[in-house]
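# Notes for the structure review
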Amino acid sequence: MATEKRFKYVILGGGVAAGYAAREFAKQGVKPGELAIISKEQVAPYERPALSKGYLFPHNAARLPGFHTCVGSAGERLLPEWYSDKGIELILSTEIVKADLASKTLTSSDGATFTYETLLIATGSSVIKLTDFGVQGAEANNILYLRDIVDADKLVAAMQAKKDGKAVVVGGGYIGLELSAALKTNNFDVTMVYPEPWCMPRLFTAGLANFYEGYYANKGINIVKGTVAVGFDADTNGDVTAVKLRNESVLEADIVIVGVGGRPLINLFKGQVAEEKGGLKTDAFFETSVPGVYAIGDVAAFPLKLYNETRRVEHVDHARKSAEQAVKAIKAKESGESLAEYDYLPYFYSRSFDIAWQFYGDNVGDDVLFGDNDPTVAKPKFGTYWVKDGKVVGVFLEGGSAEENQAIAKVARAQPPVADVDALKKEGLDFAAKV
Ligand code: FDA
Ligand code: NAD
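Residues numbered from 1 in each chain as written. Chains lettered and ligands numbered in written order. Predicted model: local features only at pLDDT ≥ 70, side-chain atom pairs only at ≥ 80, totals over all residues. Heavy atoms only, no water.

Attention now moves to the sheet that holds strand E28 (residues 391-398). Within the open sheet, the five strands sit side by side as E24-E25-E28-E27-E26. Their pairing is antiparallel. Strands at the two margins of the open sheet, each flanked by one partner only, are strand E24 (347-352) and strand E26 (366-372). Pairwise comparison of adjacent strand axes, ignoring direction, gives a mean angle of 15° for this sheet. With five bridges connecting them, strand E25 (residues 355-361) and E28 associate as antiparallel partners. (Pairing = 2+ DSSP bridges. Helix = DSSP H or I, 4+ residues; strand = E, 2+ residues; numbered from the N terminus. Axes fitted to C-alpha atoms, helices over the stretch in contact; angles between N-to-C directions.)

With that settled, the discussion passes to unusual backbone geometry. The step from Leu64 to Pro65 runs through a cis peptide bond, and the omega angle for that step is 15°. Here Pro65 is to be found in the loop between strand E3 (35-38) and helix H2 (80-86). Going from Thr69 to Cys70, the amide bond is cis rather than trans, its omega being 15°. By secondary structure assignment, the location of Cys70 is in the loop between E3 and H2. One non-glycine residue, Asn187, adopts positive backbone phi at about 70°. Tracing the backbone through its elements, the reader meets Asn187 in the loop between helix H4 (174-185) and strand E12 (189-194). In the Ramachandran plot, Asn308 falls in the positive-phi region, its phi being about 55° despite a non-glycine side chain. Along the polypeptide, Asn308 turns up in the loop between strand E22 (300-304) and strand E23 (309-312).

A few words on the sheet that holds strand E7 (residues 113-115). Taken in spatial order, the four strands make up an open sheet running E1-E7-E6-E5, and their pairing is mixed. Each of the sheet's edge strands pairs with one partner strand only, and the pair in question is strand E1 (4-6) and strand E5 (96-100). In this sheet, neighbouring strand axes are inclined to one another by 20° on average, regardless of whether the strands run parallel or antiparallel. Pairing between E5 and strand E6 (residues 105-108): four bridges, direction antiparallel. Of the residues in E6, the one forming a bridge with Lys98 is Thr107.

Our next topic: the packing of aromatic side chains. Applying the stated criterion across every chain yields a total of 27 aromatic pairs. Aromatic pair Phe286 and Phe302: ring centres 5.6 Å apart, planes at 50°, arrangement tilted. Note that Phe286 is positioned in the loop between strand E20 (279-281) and strand E21 (293-295) and Phe302 in strand E22, a separation of 16 residues in sequence. Relative accessible area serves as the criterion here: at 0%, Phe302 is assigned to the buried category. Members of the aromatic cluster, joined through ring pairs, are Tyr174, Phe204, Phe211, Tyr212, Tyr215, Tyr216, Phe353, Trp357, Phe382 and Phe396. In this arrangement the basic side chain of Arg63 is found over the ring face of Tyr55, its NZ or CZ atom lying 3.8 Å from the centre. Against the face of Tyr145 rests Lys129, its NZ or CZ located 5.2 Å from the ring centre. (Phe/Tyr/Trp six-rings, centres within 6.5 Å; stacked < 30°, edge-to-face > 60°. Buried < 20%, exposed > 50% of the residue type's maximum accessible area, 1.4 Å probe, protein only. Lys NZ or Arg CZ within 6 Å of the ring centre and 35° of its normal.)

Here is the structure:
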C-alpha cells in the first residue's frame, strides 16, 4: 500500500536552497518530525558549484561527503547524520510528480503522498537539451549535460573512457567556460562552439570577453563563434564521433558537453501559483500567491528591492540567502514578529584554470573597462564598472583579493555618483577602494 506522511514543513527539492533552509530551520528551532526534505537525488543537499570545478579535477578531485551544504559559504557541513540528529526527515530518491496546493498534498512517482502545512518549493532548474529542439543525432552516447552528481559521474566516466580524446563544448555561458577548462585540464583537445559574437554575453562586455577568449586560446582551446551544432554523427556503438555545425564545418568529437542554459522547474505548479519571469512570483519574504507556499532559489521571481523590479537569479548566493529569508519569514509569522524585506545585491562568480572573477550589482548602462585585460599578462587584474544615470550600478573584477572584492561589492551597493567617466577609467580599482 502507498504510504502517507504528514509534516508541518516540507522542502520540495534537495539542492542548495534546501540545505540552507534546513540549517536555518534548525537555527530557528524545529521539533523532531516537523520538517522533511523530499529530493529526487540520492544524496543529501550539496554545493552544486563543485560539480563543474573541484569534482572534475584530474587529481585530488572533490567527492562527497566533502562538499555537502553548507561548506560552500564556510559553514557547517550537514552530513546525513546531521538531519537524523535534528529529527529532520531526508526523503531521498523520491520524485514528486504531482502537487495539489489546494489539498496541500504532494504525490511521488511510486504513489506515496506527503501532506504539509507549509511548503518550500526548491526544485531549481533543469538543463535545456538539444533533443528538446530535435537536433539530429543528439541522443548519441557521450553527449553530456551537467546539473547533478549523476551527470557529473557520467562525465567523469566518459573522460576516463575517452582519455586524451577530443571534446566539443556547445555553449559559451557558465557551463561552457567552466567545462572547457575542466576538459582541457584533463588533457582533452577542446573546441568551444557558441552562436554569439563573444562568450558569456549575458554578463560580459566585448572587452571582458576579449580577455577570457584570449586566455582560453592561449591554453590551447579552439573557439568557434557565430554558429551552432545542427547534428551529430555516431559510430556503430552509438557513441558520438562528430559535431556538424550550421556553418557546414564538422568537428571530430569523443565527448560533447552541452551547456545551452537552464529552465526553472515549475511545471508541477502550473495554473496553481502566479508566475513571472519564468518563475514563481513571490513577495519579499518568498511567499508565493498561495499562502503558506514559498519558492526559493532558482525558481523564485522575487522583488529585487535595489532595482525596484522582479528578478529571477540562477546563482548559488541567492539560493542560500533566499532560503534563509524564507525560513526566517515562516518563523517570524508564527511568532508574530516582523522581518525586514529581502534586500539582495546580485553576486555572481566563476573560476577556471587559475583565474577567478566576481561581479556585484547590475550590468546595465555604459560599461567602463579598467586595468589591463591583455590575456598574456602573468597575474591579470582588470574589471568593468557599469554606469547608469550618473551612478556606478555594477562592478566586475578579475583577479581581486578578498579586500578588493569586498570593495567592489560595497560600490555596487552604494551606487556612488560618477562625474567623469574618463577619470573613473583612469582611477580603476582605486575608485572602489575609496568608497
Ligand atoms: P538546485 O538545482 O540546487 O536543487 C534543486 C533540487 O530539487 C535538486 O535536488 C533536484 O533533484 C530536486 N528536484 C527537482 N524537481 C524535483 C521533484 N519533482 N521531486 C523531487 N526533487 C526534485 N552558481 C554560482 O553562483 N556559482 C557557481 O560557481 C555555480 N556553479 C554551478 C555549477 C553547476 C554544474 C550548476 C548546475 C550550477 C551552478 N551554479 C553556480 C548555479 C547554482 O548551483 C544554482 O543557482 C543553485 O544550485 C540553485 O539552487 P536551488 O536549490 O534552487 O536548485
Ligand atoms: P547560460 O545561460 O550561462 O549559457 C547558455 C549559453 O548557451 C549562451 O551563452 C549561448 O552561448 C549558448 N547557446 C544557446 N543556444 C545555443 C545553441 N543552440 N548552440 C550553442 N550554444 C548555444 O547557461 P549554462 O552555461 O548552460 O548554465 C546553466 C545553469 O547553471 C545556469 O543557471 C547558470 O547560472 C548555472 N551555472 C552557474 C555557474 C556560475 O555561476 N559560476 C556555473 C555553472 C552553471
